[in-house]
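Take a look at the letters that make up each chain.
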Amino acid sequence: MTARPIAVHAVGAHLDRVDGPLKVTGRAPYAVEHGSDEGVRDPLTAWIVGAPVARGRVLRVDATRALATAGVVSVLDHTSARRLADTEDGELAILQDDRIHHRGQVVAVVLAESAEAAREGARLVEVHVEAREHVADLDEGDLYAPEEVNAGHETDWADGDVDAARADASVVVDQEYSTPQEHNSPLEPHAVSAFWDEDRLTLWDSTQSVHGVAQTLAPMLGLEVDRVRVRAPYVGGGFGSKGLPHSPEMAAALAAMSVPGRWVRLAVTRQQMFALTGYRTETRSRIRLSAEPDGRLLAVEHDAVSQTSRLKEFAEQTATISRMMYAAPARRTTHRVAALDVAVPSWMRAPGEMPGAFALEVAMDELAVACDVDPVELRVRNEPATDPETGNPWSDRRLVECLRTGAERFGWTGRDPRAASRTEGDWHVGTGVAAATYPALWMAGNVARIESRAGGRYAVGIGAVDLGTGARTVLQQIAADALEVDVAAIDLAIGDTSLPTATVAGGSSGTASWGTAIVQTAQQFRADHGHAPLPGLHSRTEAESYPEPEKHALHSFGAVFAEVRVDRWTGEVRVSRLHGTYSVGRVVNPTTARSQLLGGLLMGLSAALHEDGVRDPRFGHVITQDLATYHVASHADVPPDLDARWLDGADTLATPFGGRGIGEIGIVGTSAAIANAASHATGVRVRDLPVTADAFLPGRP
């Protein structure tokens with residue numbers, strides 16, 4: 001049966017996180033803590049040895065000194081590791097041959113009785129290599145058009161005659177914008193505990209998708225999927241980097257298979273994460289906005305360039321936001337990538353939308369200045385009646401309302417549009433705005449199981465993962481309303497491949513996709529067993545696509561307002577106010593929603609002012625490979641006035657409970673709003689992230 005909209009009571013109510021007490025008391029076990037209170041004895045520690053060059057081949061791994069170290073049990077390399085049945089995924093096909101594809105690639109794994117011995121053993125492993133010429137600089141790579149970009153989007157897309165529109169335009173903004181390589185850096189590094197017994201592999205993994213890990217690793221290892229059990233009861237953040245399995249998971253699996261009957265724990269070091277667990281690629285965008293004198297767009301052009309790896313392609317969908325954000329008779333977008341001898345880039349919170357919005361929204365600010373139009377009014381004037389990309393009607397856009405409501409709360413009215421017009425002491429003060437959007441994604445293949453229990457309770461099971469966002473809590477609320485019972489009557493089980501299949505906690509799709517499956521199964525359960533079932537009855541269904549996604553354009557929208565202060569003598573940049581107003585359908589839990597949106601705003605601030613992954617092209621490695629050199633926003637960077645709110649409403653075209661995803665929209669547009677505010681404060685336009693003090697110092701070229 002197809003899920004139907006449900007009446008809501010628990011949905012929309014404040015509810016404390018159900019996992020809160022376990023986390024704050026330290027009793028929530030994370031990946032490498034598995035077994036500490038369950039009788040797991042004498043686990044081995046695995047430690048990764050990385051390639052010392054960016055390209056070449058391994059001549060020999062000399063483990064003599066490592067094996068002579070007390071506590072070291074064994075050292076795996078490409079000559080001794082288990083052979084994989086499938087090596088098509090180059091990132092995961094580690095220890096299978098002597099080729100080196102990027103600096104830091106897994107070339108050996110040390111197994112020892114303790115973490116200290118494993119680390120020392122890894123230090124003593126000598127990797128003899130033959131280095132070959134490499135390319136690790138985007139400027140030196142050969143650009144090509146991928147078959148598609150991330151999430152299955154078309155590489156290039158056009159509508160209307162952009163050349164004619166540009167020729168007829170009174171105002172043209174034609175500029176280039178860039179974002180650097182950025183790293184997810186979750187609080188819990190990538191980690192896994194692995195156990196191999198006969199023909200069954202068990203992993204306790206820090207992942208955003210237990211079923212995704214099993215379905216990816218099993219065929220590579222020559223196993224049936226049901227022979228790989230993956231559990232992720234608690235995850236310390238991911239921001240997309242744990243959405244796909246990476247080479248450390250395979251390293252742990254191969255290590256465990258080499259010592260049957262013993263648990264193996266592998267925790268990736270903070271430094272190794274910068275080479276092995278994905279990152280946001282550097283992006284470069286050329287934006288051309290052609291407009292009438294009043295700022296109404298005639299054409300939008302967005303040409304995006306990014307890097308990928310020769311080992312495995314990942315193409316960021318940077319320009320896709322420009323296909324649908326604003327009305328214009330003509331538009332054209334392209335994507336080109338350069339394949340380099342570097343680690344494989346991957347998902348990072350709001351892939352595509354985040355760097356794309358920075359370029360587009362700064363360009364829109366430049367257009368507002370060129371046309372002498374208020375930046376909020378400019379966006380309102382270019383509001384499309386329907387989705388420019390598909391022609392479909394919007395399910396629930398409300399961007400104009402976000403802009404108007406946000407402007408009122410922020411105190412935008414009366415803003416002096418002149419740059420560098422406001423000074424307070426030694427600080428230049430400016431304000432900026434940017435729009436935000438993120439698609440309301442719904443993923444197929446989710447299955448839920450509901451069973452009646454004594455006392456009017458219900459067991460709800462789905463293999464979803466709560467990576468720290470509060471999924472446990474909101475899914476209980478959705479299940480309670482779908483079954484028309486109190487939240488306390490729901491016993492929810494998640495994070496285990498022994499539970500029904502669930503898709504990744506990514507793309508802001510988890511709550512929508514899993515919640516729809518739970519609603520449909522609850523409605524099927526009532527149809528099968530009524531409202532007073534005996535204990536032990538159950539229903540299990542795979543969610544059918546919710547009816548409306550093919551008929552409407554489903555996106556969330558928002559408006560971000562920033563106030564920025566720039567020191568007139570040092571160029572120091574401080575964000576003093578940061579507000580976000582969003583349209584995300586019905587909010588399931590205001591407590592967790594506010595946390596997610598504030599977190600997104602701060603992550604956008606971090607990208608705006610601090611984050612800058614620097615690769616040394618001579619050697620191919622990231623030199624900013626810890627949280628001392630790769631700075632992320634800390635408590636001292638949080639604005640004293642930080643606020644996130646949303647418009648009341650429900651989008652039952654998106655989900656039966658009326659909500660859309662909120663995990664990623666908070667970061668979209670935030671860095672642009674901050675950059676626009678800095679420009680308004682100083683009169684200096686910065687088009688490259690991060691926005692740093694040197695941009696505002698006298699004598700800047």
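In the block above lies the structure referred to throughout.
Residues numbered from 1 in each chain as written. Predicted model: local features only at pLDDT ≥ 70, side-chain atom pairs only at ≥ 80, totals over all residues. Heavy atoms only, no water.

Caption draft 1: Focus on the packing of aromatic side chains. Within this structure, the stated rule accounts for 7 aromatic pairs. Taken together, a centroid distance of 6.3 Å and an interplanar angle of 55° make the contact between Tyr 30 and Tyr 234 tilted. Separated by 204 residues along the polypeptide, Tyr 30 in the loop between helix H1 (20-24) and strand E1 (44-50) and Tyr 234 in the loop between strand E14 (228-231) and helix H6 (247-258) bring together distant segments of the chain. Residue classification places Tyr 30 among the partly exposed residues on the basis of a relative accessible area of 21%. Arranged with centres 5.7 Å apart and planes meeting at 90°, the rings of Tyr 458 and Phe 525 form a pair that is edge-to-face. Residue Tyr 458 is found in strand E22 (residues 457-461), and its partner Phe 525 is found in helix H12 (residues 510-529); the two are separated by 67 residues along the sequence. Taking the relative accessible area as the measure of exposure, Tyr 458 reaches 4% and is therefore buried. Each residue in the set Phe 410, Trp 412 and Phe 561 is aromatic and connected to the rest through ring pairs, giving one cluster. Across from the ring centre of Trp 196, 5.5 Å away, lies the NZ or CZ of Arg 82, which sits over that ring. The ring of Phe 410 carries Arg 577 above its face, with NZ or CZ at 3.9 Å from the centroid. (Phe/Tyr/Trp six-rings, centres within 6.5 Å; stacked < 30°, edge-to-face > 60°. Helix = DSSP H or I, 4+ residues; strand = E, 2+ residues; numbered from the N terminus. Buried < 20%, exposed > 50% of the residue type's maximum accessible area, 1.4 Å probe, protein only. Lys NZ or Arg CZ within 6 Å of the ring centre and 35° of its normal.)

Caption draft 2: Representation of the pairing of E22 within the structure. Taken across its 5 residues, E22 has 4 buried, putting it largely inside the fold. Relative to strand E23 (residues 490-493), E22 runs parallel, the two sharing 4 bridges. Note on E23: the bridge partner recorded for Ala 459 is Asp 491. Between E22 and its parallel partner E23, the chain crosses via helix H11 (residues 471-483), and the hand of that crossover is right-handed. (Pairing = 2+ DSSP bridges. Right-handed = clockwise from strand over helix to strand, strands pointing away.)

Caption draft 3: Spotlight on the sheet that holds strand E6 (residues 126-131). Taking strand neighbours across the sheet as the criterion, the 3 strands line up as E4-E2-E6 in an open arrangement whose pairing is antiparallel. Two strands lie at the open edges of the sheet, namely strand E4 (99-100) and E6, each paired on one side alone. Bridging between strand E2 (residues 56-62) and E6 involves 6 bridges; their strand directions are antiparallel. Paired with Arg 60 across the strands is His 128, a residue of E6.

Caption draft 4: Here's a closer look at the nonpolar core. Within the largest apolar cluster, 84 residues are counted, with the highest numbers of intra-cluster contacts made by Leu 289, Leu 297, Met 325, Leu 367, Leu 578 and Ile 674. Element by element, the count of residues in this core is highest for helix H8 (residues 353-371), at 11 residues. Not counting chain neighbours up to four residues away, the residues in contact with Leu 289 comprise Val 171, Val 172, Val 173, Leu 297, Ala 299, Val 300, Leu 360, Ala 363, Met 364 and Leu 367. (Core = buried A, V, L, I, M, F, W, Y, C linked by side-chain atoms within 4.5 Å. Contact = heavy atoms within 4.5 Å.)

Scope: geometric values only; no functional claims are made or implied.
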